[in-house]
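# Working through the structure, step by step
Chain by chain, the residues run as shown.
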Amino acid sequence: MDRDRILLTPGPLTTTLRTKLAMLKDWGSWDGDFNAVTASVRSRLLDIVHGQDTHVVVPLQGSGTFSVEAAVATVVPRDGHVLVPDNGAYCKRAAKLSQMMGRKATVMPVSEEQPVSPAEIEARLAADPTITHVILIHCETGTGVENPLAAVAAVCEKHGKGLIVDAMSSFAALPIDARKVRFDALIAASGKCLEGVPGMGFVFLRKAILDACAGNSQSLAMDLHDQHVYMGKTGQWRFTPPTHVVVALSEAIAQYVEEGGQPARLARYTDNYRTLVDGMAALGFVPFLKPEVQAPIIVTFHAPNHPNYDFKRFYEAAKARGFLLYPGKLTQVETFRVGCIGAIGRNEMQQAVNAVADTLKEMGIPNGKPAI
Ligand SMILES: *Cc1c(COP(=O)(O)O)cnc(C)c1O
């Protein structure tokens, strides 16, 4: 009865026992042993994006959004102007936090079913030379759509604009190579595809822009430049680090490397995705996105078109069978989401599909066919 539930959510997600066990020790934040863990985590994070020559990585306490906010505050000058292509909830959040920090933000609306268009971004940059930076959400977790990072980076480089990438739900699973794709800042977090526990983010900053970032941040706690300088001098975090989260991330990265790194992780998540989508299709469920624009990270499904359907009841019945689903984030259509990430494989995904089948039966819903 006290078996851990499988989290089919895009962070927090299911972690291995080995990662959880890493949190059973206390660490002193000033101590050399802990500083060595921080340094090792930073170095191995840089390896994942092949960024040792071009970038530094700066960790920050808090959930992923804290690091997005910190990246914008640190990289974008106070009189800067960001363009935010918007095809979902996390794009809207990035635009909102930029505005709240006093940066000018222009939102470029895009259909939620489509990736953002590099050509349209290029047209916007050409039309408005006051734009200094583009903020791109790599995998828009609100729907699961993958945005074309390499093509957008090429457009930004061509026009001499900065690029800030929210790669929160894609980093470590989808390929990102800093030697080929130019970005000023790229943000991810402990509790996503690296399969650590939540509690810290980290931002890759391009060395070439680092000095110009001094003094940009209007916030003390969110100043990644200051965090970087202080860490360089002392090996320590500026303020109390999330020690247990850091050591769990270190252990999670060790398992990531043992598994085979990014290609192996993407292969496992792709297998999870296929098992999920095929199993759900057999029950009549239809994904919101076309497969060609879908990242194998999180899948949005249309809700079944049946009077007995109610997400809360559906959720509780799946939970009673050991699986936590995720609500939809779309306003126009009724949907729910299922994550493919975390320390789970094909067996867990098949069991999740079985749990959904039993749930439908319990609710008296013959199949998952949507209204569309
Ligand atoms: C998870 C996530 C975030 C951060 O969300 P938090 O709730 O602050 O951890 C930001 N962007 C994307 C695309 C995400 O998937």
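Structure report, in brief. These numbers were taken from a predicted model, which means no experiment stands behind them.

### Observations concerning the pairing of strand β8 (residues 162-166)
Counting buried positions along β8 yields five of five residues, so the element is predominantly enclosed. Neither face of β8 is left uncovered, since the one carrying Gly162, Ile164 and Asp166 and the one carrying Leu163 and Val165 both have all their residues buried. When β8 meets strand β9 (residues 185-189), the two strands line up parallel, connected through three bridges. Of the residues in β9, the one forming a bridge with Asp166 is Ile187.

### Let's talk about the sheet that holds strand β4 (residues 104-109)
Backbone-to-backbone hydrogen bonds join strands into a sheet, with any given pair of strands oriented parallel or antiparallel. Spatially, seven strands are ordered β2-β10-β9-β8-β5-β3-β4 in an open sheet, and the strand pairing comes out mixed. At either end of the open sheet lies a strand with only one pairing partner, and these are β2 (55-61) and β4. Along the sheet, successive strands turn relative to each other by an average axial angle of 20 degrees, direction set aside. When β2 meets strand β10 (residues 200-206), the two strands line up antiparallel, connected through seven bridges.

### Quick notes on the site of the ligand
Ser63, Gly64, Thr65, Tyr90, Arg93, Ile137, Cys139, Thr141, Asp166, Met168, Ser169 and Lys192 make up every residue found near the ligand. In the model, a nitrogen atom of the ligand is placed 2.6 Å from a nitrogen or oxygen of the Asp166 side chain. A distance of 2.8 Å separates an oxygen atom of the ligand from a polar atom in the side chain of Lys192. Isolated, the ligand exposes 380 Å² of accessible area, and the fraction of that covered by the protein chains is 83%. Where the shell around the ligand is concerned, the elements lending two or more residues are α3 (64-75) and α4 (89-100). Taken together, the residues that form the shell around the ligand break down as four nonpolar, five polar and three charged.

### Comments concerning the side chain of Ser67
Mapped onto the fold, Ser67 is located in helix α3. By relative accessible area, which is 0% here, Ser67 ends up buried. With near-sequence residues (within four places) excluded, Ser67 lies in contact with Leu60, Ile187, Gly201, Phe202 and Val203.

What counts as what
Residues numbered from 1 in each chain as written. Predicted model: local features only at pLDDT ≥ 70, side-chain atom pairs only at ≥ 80, totals over all residues. Heavy atoms only, no water. Buried < 20%, exposed > 50% of the residue type's maximum accessible area, 1.4 Å probe, protein only. Helix = DSSP H or I, 4+ residues; strand = E, 2+ residues; numbered from the N terminus. Pairing = 2+ DSSP bridges. Axes fitted to C-alpha atoms, helices over the stretch in contact; angles between N-to-C directions. Near = heavy atom within 4 Å. Polar contact = N/O pair within 3.5 Å; in protein donor to acceptor, adjacent residues only side chain to side chain. Areas by Shrake-Rupley, 256 points an atom, 1.4 Å probe, with all protein chains shown as cover. Nonpolar A, V, L, I, M, F, W, Y, C, P; charged D, E, K, R; others polar. Contact = heavy atoms within 4.5 Å.

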